[in-house]
Amino acid sequence: QVQLVESGGGLVQAGGSLRLSCAAPGNIFGVAIMGWYRQAPGEQREVVARITTPDNTFYPASVKGRFTISRDNAKNTIYLQMSSLKPEDTAVYYCNARLPSASDYWGKGTLVTVSS
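Quick look at the structure, then. What you see is a predicted model; the values in this text were computed from it and never measured.

About the cut-offs
Residues numbered from 1 in each chain as written. Predicted model: local features only at pLDDT ≥ 70, side-chain atom pairs only at ≥ 80, totals over all residues. Heavy atoms only, no water. Disulfide = S-S within 2.5 Å. Helix = DSSP H or I, 4+ residues; strand = E, 2+ residues; numbered from the N terminus. Buried < 20%, exposed > 50% of the residue type's maximum accessible area, 1.4 Å probe, protein only. Core = buried A, V, L, I, M, F, W, Y, C linked by side-chain atoms within 4.5 Å. Contact = heavy atoms within 4.5 Å. Phe/Tyr/Trp six-rings, centres within 6.5 Å; stacked < 30°, edge-to-face > 60°.

## Topic: the state of the cysteines
A full pass over the atoms with the stated rule returns 1 disulfide. The partner cysteine of Cys-22 in its disulfide is Cys-95, sulfur to sulfur 2.0 Å. On the S-S bond that ties Cys-22 to Cys-95, the torsion sits near -80°, and the link is left-handed. Highlighted residues: Cys-22 in strand β3 (residues 18–23) and Cys-95 in strand β9 (residues 91–98), separated in sequence by 73 residues. We note that Cys-22, like Cys-95, is buried.

## A closer look at the nonpolar core
A general feature of soluble globular proteins is that nonpolar side chains tend to end up buried together. Ranked by size, the top nonpolar core spans 30 residues in total, and within it Met-34, Trp-36, Ile-78, Leu-80, Met-82 and Tyr-93 carry the most contacts. When residues of this core are traced back to their parent elements, those giving at least two are β3, α1 (26–29), β4 (33–39), β5 (46–51), β7 (67–72), β8 (77–82), β9 and β11 (110–115). Broken down by element, this core gets its largest block of residues, 4 residues, from β9. Setting aside residues up to four positions removed in sequence, Tyr-93 forms contacts with Glu-6, Leu-20, Trp-36, Tyr-37, Arg-38, Val-48, Phe-67, Leu-80, Met-82, Gly-109, Thr-110 and Val-112.

## Re the packing of aromatic side chains
Using the criterion set out here, one finds 2 aromatic pairs in the structure. Ring centres of Tyr-37 and Trp-106 lie 5.0 Å apart, and the angle between their planes is 75°; on these two criteria the pair is classed as edge-to-face. With Tyr-37 in strand β4 and Trp-106 in strand β10 (residues 104–106), the pair connects residues that are 69 residues apart, well separated along the chain. Ring geometry for Tyr-94 against Trp-106: centres 6.5 Å apart, planes inclined by 90°, an arrangement best described as edge-to-face. Placement of Tyr-94 in strand β9 and of Trp-106 in strand β10 is noted, with a sequence separation of 12 residues between them.

Right, dumping it as structure tokens:
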């Protein structure tokens, strides 16, 4: 069973910042496309950032310029730095690892709440 362990969620005021972390097993981290997704109540899960090896990144328009994904290969960890947070960023954020075989692994999620 692959475990992705997220941390860093919480409550923040609009305009504030928060950093999420996700640790993955080393054998996964080295080959997977790592990413962050989020799911708000009543909404579908959506991607907010992805990073490949080497460090090619993708962001949807909704977060581009505000969110930054990065990876620390020595720690098998990815980060999501979120700035200029908006109430609409409120959601459960999930770490994802997608293997070359197209298998997906998910963390349990961490709640981010942005108050207005």
